[in-house]
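Take a look at the letters that make up each chain.
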Amino acid sequence: MTVIAAGGRPTGAAIAPADDDATWMRLALEAARRAGLAGEPPIGACLVRDGAVVATASNCVVSSLDITAHAEVSVIREACRRERTLELAGCTLYSTVEPCPMCFAASHYARIGRIVFGASLADFDELTGSELTGGRATGGGPRLDGGCLREESLALLRRWAGGGGR
Ligand SMILES: [Zn+2]
């Protein structure tokens, strides 16, 4: 498992100035290097709130056989599990690479307030030719067919939203 507690300290312990982005990015880079050494894509992330690390994670798609186990999704999962919540308001996500649309969406749904990244998706796409930049797959992607049983699907959502949503 590549999700780790920050330096073995209890969650919530302050370990560096809150406004020092490079300090937190170095933590994400450490996680990225660990991933690379383990044969994973070398990408790392950490979540910080009020000057303290909430969780750190690295990409582990290969070892977990989970194509969604990007560093950012993994760090969000771990933070939500630790805090027993679906919302990470007030957190800043640090990632060594700009979050892909999946990770950006997960950050949005978790109500993360700020994302700081190192390399851009355009940088990554130059190397791999298969990233999703601007929401579009440069190397092809699934066909999107909408509207199938829309009314039935929408009725479930209406009932849920009418009850206040999540
Ligand atoms: Zn991602």
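A few points on the structure. Remember, predicted model here, so these are calculated numbers, not experimental data.

Quick look at the pairing of strand β1 (residues 44-49) now. Within β1, five of the six residues are buried, leaving the element largely enclosed by the surrounding structure. Pairing geometry for β1 and strand β2 (residues 52-58), over six bridges, is antiparallel. In the strand pairing of β2, C46 is matched with T56. Examined bridge by bridge, β1 and strand β3 (residues 92-97) share four bridges and lie antiparallel to one another. Among the inter-strand pairings, C46 is bridged to a residue of β3, identified as Y94.

Next up on the list: the sheet that holds β3. The strands that make up a sheet pair up through hydrogen bonds in the backbone, lying either parallel or antiparallel. Pairing within the open sheet is mixed, and its four strands lie in the order β2-β1-β3-β4. Only two strands of the sheet have a single partner each, and these edge strands are β2 and β4 (114-119). Neighbour-to-neighbour, the strand axes of the sheet open up by a mean angle of 15°, direction not taken into account. Here five bridges tie β3 to β4, and the two strands are oriented parallel to one another.

Right, let's get into unusual backbone geometry. With a phi close to 50°, D50 is a non-glycine residue in the positive phi region. With respect to the element layout, D50 can be found in the loop between β1 and β2. The class for D50 is exposed, based on 11 C-beta atoms found within 10 Å. The backbone phi angle of L149 is positive, close to 55°, even though this residue is not glycine. With respect to the helices and strands, L149 occurs in the loop between β6 (136-137) and α6 (150-162).

Conventions adopted
Residues numbered from 1 in each chain as written. Predicted model: local features only at pLDDT ≥ 70, side-chain atom pairs only at ≥ 80, totals over all residues. Buried ≥ 20, exposed ≤ 12 C-beta atoms within 10 Å, placed from the backbone. Helix = DSSP H or I, 4+ residues; strand = E, 2+ residues; numbered from the N terminus. Pairing = 2+ DSSP bridges. Axes fitted to C-alpha atoms, helices over the stretch in contact; angles between N-to-C directions.

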